[in-house]
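Each chain, written out:
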Amino acid sequence: MREKELRRSMSVLPIGTVMKLTDLTARQIRYYEQQDLIKPIRNEGNRRMYSLNDVDRLLEIKDYLDDGLNISGIKAVYKKQEQLEDERQKNLEKGLTDSDVRKILQDEFMHIGGLKPPSSTFDNPNNFHKFNE
DNA sequence: TTTCTTACA
DNA sequence: TGTAAGGA
């Protein structure tokens with residue numbers, strides 16, 4: 001499963017292909033790079049080469065923009081995202097899995113409030129961030 | 001032909 | 001963000 005991730009990270013697409021795949025103009029794609037939202041590599045001829053992950057990222061950026069977020073807002077999203085990944089990684093280094101962490105938090109909340117929250121709330125990873133705000 | 005940088009009647 | 005200019 002680590003093989004695929006490696007290939008998705010390979011920068012092999014010229015900007016023209018990315019334009020067709022994302023329906024964005026070269027101007028926009030280069031602009032988002034300036035904003036550090038994507039980091040394509042340069043080939044021998046100073047040409048930008050993008051990876052499949054870059055394409056995914058650009059498509060995400062389009063969605064966020066539609067949702068009314070501005071560039072700085074999107075930066076904040078990815079920043080918080082990386083922050084959460086770091087925390088997850090640290091917990092992993094301490095031998096704690098995601099489910100372990102959620103169990104611990106659940107126990108703590110039960111003691112504090114004496115209330116037993118819906119298990120679904122803790123079982124859904126998408127709700128995890130609610131306990132890190 | 002395609003992409004790059006810079007700049008704005 | 002679009003588009004033109006001039007080079008690679």
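Residues numbered from 1 in each chain as written. Chains lettered and ligands numbered in written order. Predicted model: local features only at pLDDT ≥ 70, side-chain atom pairs only at ≥ 80, totals over all residues. Heavy atoms only, no water.

- Per an unreviewed UniProt entry, chain A carries the name Putative HTH-type transcriptional regulator GlnR and comes from Lentilactobacillus parafarraginis F0439.

## Let's talk about the overall build of chain A
- Of regular secondary structure, chain A possesses 7 helices and 3 strands.
- The proportion of buried residues among the 133 residues of chain A is 23%.
- Taking as baseline every contact in chain A between residues at least 6 positions apart, the subset at least 24 positions apart corresponds to 49%.
- Of the roughly 9,800 Å² that chain A leaves accessible, carbon and sulfur atoms contribute 51%. (Helix = DSSP H or I, 4+ residues; strand = E, 2+ residues; numbered from the N terminus. Buried < 20%, exposed > 50% of the residue type's maximum accessible area, 1.4 Å probe, protein only. Contact = heavy atoms within 4.5 Å. Areas by Shrake-Rupley, 256 points an atom, 1.4 Å probe, with all protein chains shown as cover.)

## Quick word on the protein's contact with DNA strand B
- If you check the shell around DNA strand B, you find Pro14, Ile15, Gly16, Arg30, Arg42, Asn46, Arg47 and Arg48 and nothing else.
- Atoms of DNA strand B within 4 Å of the protein: sugar and phosphate make up 78%, bases the balance.
- One of the side-chain N or O atoms of Arg42 is found 2.8 Å from a phosphate oxygen in DNA strand B.
- Of the residues belonging to the surface near DNA strand B, the class tally is 2 nonpolar, 2 polar and 4 charged. (Near = heavy atom within 4 Å. Polar contact = N/O pair within 3.5 Å; in protein donor to acceptor, adjacent residues only side chain to side chain. Nonpolar A, V, L, I, M, F, W, Y, C, P; charged D, E, K, R; others polar.)

## Quick look at the sheet that holds strand β3 (residues 48-50)
- Spatially, β1-β3-β2 is the arrangement adopted by the 3 strands of the open sheet, whose pairing is antiparallel. Taken across any chain shown, the strands that pair with only one partner, and hence form the sheet edges, are β1 (13-14) and β2 (41-42).
- In this structure, β2 lies alongside β3, joined through 2 bridges in antiparallel fashion. Its bridge partner lying in β3, Ile41 is registered against Met49. (Pairing = 2+ DSSP bridges.)

## Quick word on the protein's contact with DNA strand C
- Close contacts around DNA strand C come from Thr25, Arg27, Gln28, Tyr32 and Arg47, and that covers them all.
- Interatomic distance of 2.5 Å between a side-chain N/O atom of Gln28 and a phosphate oxygen of DNA strand C.
- In the model, a phosphate oxygen of DNA strand C is placed 2.5 Å from a nitrogen or oxygen of the Tyr32 side chain.
- Residues of the surface near DNA strand C, tallied by class, amount to 1 nonpolar, 2 polar and 2 charged.

## Description of the side chain of Asn91
- Note that Asn91 resides in helix α5 (residues 71-93).
- Aside from chain neighbours lying at most four places away, what touches Asn91 is Leu96 and Val101.

## Points about the side chain of Thr22
- Inspection of the secondary structure puts Thr22 in helix α2 (residues 15-22).
- Setting aside residues no more than four positions away along its own chain, Thr22 makes contact with Ile29, Val55, Leu58, Leu59 and Lys62.

## Re α2
- Taken as a whole, α2 has its buried residues at Ile15, Val18 and Thr22. Mapping the buried residues of α2 onto a view down its axis gives an arc of 55 degrees, with all of them on the same face.
- Buried residues belonging to α2 abut β1, α3 (26-34), β3 and α4 (52-66).
- Immediately beyond the C-terminal end of α2, within one or two residues, lies Asp23, with a positive phi of roughly 65 degrees. (Arc of directions from axis to C-beta.)

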